[in-house]
Amino acid sequence: MNTVLTNRLFTAANLLVTALVVYLAVDAFYMVAAGRLESPAAPAPSSASSLPGAARDMPPYSYYQAVVDRDLFRTAKTGEPAGEMDIENLEDTSLKVSLLGTVTGGPDWRYAFIEDSVTRRQGLYQEGDYVSGAVIRKILDTKVVLRVGGEDQVLRMEDRQRTAASAPAPRPSGPA
């Protein structure tokens, strides 16, 4: 009986020593691997800025002003009511855009279909959206009020009759 107990204790001691050796070997391996992965001594931060790299490279808050102006969740009150804006005396916009159509179904259903004349890209815009660097302030039936460089300008829809009159007449095909 004594030999069975001695064998079991010897086996348990061997397992314990083996586990301890494996643990120490793995720990030493991780210390060596971590030492090789770490960069050499980091240079001291300059006196101009003691901020970490991510904070130092962050653009100023004015960089994000377009996000604030866009007001995706419609939290800001729009400036002046439509009745106070003198739309008839506004000058036509100098932007290279064309107003193709508008939808004026209510305060939340105002859309303008605008084409950039340079890139020929068309888009559907709402009040507060940006088009060619201008903010759409108001969408009306046949015109859109834009805020361009701090002043309001109007983008008018082309007159369909005038466009049709200036287009060349179609040539008849076949013998006369």
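### Concerning the environment of Asp-129
Then, in step 1: Looking at the secondary structure, you find Asp-129 in the loop between strand E3 (122–125) and strand E4 (130–131).
Then, in step 2: Excluding anything up to four places from it in sequence, Asp-129 contacts Arg-70, Ala-134, Val-135 and Ile-136.
Then, in step 3: Within the structure, the side chain of Asp-129 is placed 2.8 Å from the backbone nitrogen of Gln-126, a separation counted as a polar contact.

### Focus: a nonpolar patch on the surface
Then, in step 1: Together, Met-58, Tyr-61, Tyr-63, Tyr-64 and Val-67 line one region of the surface with nonpolar side chains, adding up to about 630 Å² of accessible area.
Then, in step 2: Relative to the assigned elements, Val-67 resides in helix H3 (residues 65–70).
Then, in step 3: Of the residues examined, Val-67 reaches a relative accessible area of 57% and is grouped as exposed.

### Considerations on the confidence of the model for the protein
Then, in step 1: Counting all residues, the mean pLDDT for the protein is 78, and 72% of those residues have values of 70 or more.
Then, in step 2: Per-residue pLDDT, averaged within each element of the protein, yields its smallest value for helix H4 (residues 160–166) (52) and its largest for helix H1 (residues 2–37) (91).

### Describing the packing of aromatic side chains
Then, in step 1: Tallying each qualifying case throughout the model produces three aromatic pairs.
Then, in step 2: Aromatic side chains Phe-29 and Tyr-30 sit 5.9 Å apart centroid to centroid with 55° between the ring planes, which places their arrangement in the tilted category.
Then, in step 3: Taking relative accessible area as the criterion, Phe-29 reaches 55% and is therefore assigned exposed.
Then, in step 4: Relative accessible area serves as the criterion here: at 55%, Tyr-30 is assigned to the exposed category.
Then, in step 5: Ring centres of Trp-109 and Tyr-111 lie 6.1 Å apart, and the angle between their planes is 70°; this geometry places the pair in the edge-to-face category.
Then, in step 6: Judged by its relative accessible area of 56%, Trp-109 falls in the exposed class.

The rules behind the values
- Residues numbered from 1 in each chain as written.
- Predicted model: local features only at pLDDT ≥ 70, side-chain atom pairs only at ≥ 80, totals over all residues.
- Heavy atoms only, no water.
- Helix = DSSP H or I, 4+ residues; strand = E, 2+ residues; numbered from the N terminus.
- Contact = heavy atoms within 4.5 Å.
- Polar contact = N/O pair within 3.5 Å; in protein donor to acceptor, adjacent residues only side chain to side chain.
- Patch = residues over 30% accessible without salt bridge, like charges linked within 9 Å, V, L, I, M, F, W, Y side chains within 5 Å.
- Areas by Shrake-Rupley, 256 points an atom, 1.4 Å probe, with all protein chains shown as cover.
- Salt bridge = Lys/Arg side-chain N within 4 Å of Asp/Glu carboxyl O.
- Buried < 20%, exposed > 50% of the residue type's maximum accessible area, 1.4 Å probe, protein only.
- pLDDT = per-residue confidence, 0-100.
- Phe/Tyr/Trp six-rings, centres within 6.5 Å; stacked < 30°, edge-to-face > 60°.

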